[in-house]
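Overview (structure and organization)
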Amino acid sequence: MSLKYLAAYALINLAGNKPTKDEVSKVVAASGAKVDNADLDYVFNALKDKDVNTLIAEGQKKMSAAPAAGGAAAAAPAAGKKEEPKKDEKKKKAPEPEPEDDDDMIGGLF
């Protein structure tokens with residue numbers, strides 16, 4: 001399932017209308033995406049008899065309770081694999097650029 005159907009559903013609801021399959025299909029198609037009727041049916045069955053505003057409020061509570069994503073988890077090495085930099089890579093530095101003559105910096109006006 002794709003979030004495009006949920007987004008279209010929410011947009012129609014935000015406009016003050018009760019979303020229908022036809023309206024959601026039109027919004028999705030207007031965005032340039034292909035409409036899959038099986039996915040559309042799934043979304044409408046999942047949202048049947050549910051209030052969008054209540055669902056959003058519940059989702060916000062869940063998101064605020066979730067830990068914030070940080071770089072620590074991404075920086076952890078995979079289990080069993082220890083990556084050490086190669087000896088050549090440790091001490092290589094980019095060569096320093098040669099200083100340029102400041103006389104031409106003003107465009108040679110003086």
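Right, let's walk through the structure included here. Values in this document were obtained by computation on a predicted structure and should not be read as measured data.

Compared with the 16 Å implied by 1.5 Å per residue over 12 residues, the 16 Å span of helix α1 (residues 3-14) between its first and last C-alpha is a close match. Considered for burial, the residues of α1 that qualify are Y5, A8, Y9 and I12. Looking down the long axis of α1, one finds its buried residues gathered within 100 degrees of arc, a one-sided arrangement. Seen from the open side of α1, the exposed residues pointing more than 90 degrees away from its buried face are L3, L11 and L14. Considering only its buried residues, α1 is in contact with α2 (21-30), α3 (37-46) and α4 (52-65). One or two residues past the end of α1 sits G16, with phi positive at roughly 95 degrees.

Looking now at the layout of surface pockets. Within this model, the largest pocket holds a volume of roughly 220 Å³. L6, L47, V52, L55 and I56 are, among the 14 residues lining the largest pocket, the residues nearest its centre. Broken down by secondary-structure element, the contributors of at least two residues to the lining of the largest pocket are α1, α3 and α4. A per-element tally of the lining of the largest pocket places α4 first, with 6 residues. Classifying every residue of the lining of the largest pocket by side-chain character gives 12 nonpolar, 2 polar and no charged.

Inspection of the entire model under this criterion finds 2 salt bridges. Between D41 and K21 there is a salt bridge whose closest N-O contact spans 2.7 Å. Of the two residues, D41 sits in helix α3 while K21 sits in helix α2, which places them 20 residues apart along the sequence. Between K26 and D22 there is a salt bridge whose closest N-O contact spans 3.4 Å. Of this pair, K26 and D22 both sit in helix α2, 4 residues apart, which is roughly one turn of that helix.

Analysis parameters
- Residues numbered from 1 in each chain as written.
- Predicted model: local features only at pLDDT ≥ 70, side-chain atom pairs only at ≥ 80, totals over all residues.
- Heavy atoms only, no water.
- Helix = DSSP H or I, 4+ residues; strand = E, 2+ residues; numbered from the N terminus.
- Expected span 1.5 Å × (residues − 1).
- Buried < 20%, exposed > 50% of the residue type's maximum accessible area, 1.4 Å probe, protein only.
- Arc of directions from axis to C-beta.
- Contact = heavy atoms within 4.5 Å.
- 1 Å grid on protein atoms, 1.4 Å probe; cavity = no way out; pocket = protein on both sides within 12 Å on 5 of 7 lines; lining within 4 Å.
- Points joined across faces, edges and corners; volume = space filled by probe spheres on them.
- Nonpolar A, V, L, I, M, F, W, Y, C, P; charged D, E, K, R; others polar.
- Salt bridge = Lys/Arg side-chain N within 4 Å of Asp/Glu carboxyl O.

So yeah, pure geometry; function would need other evidence.
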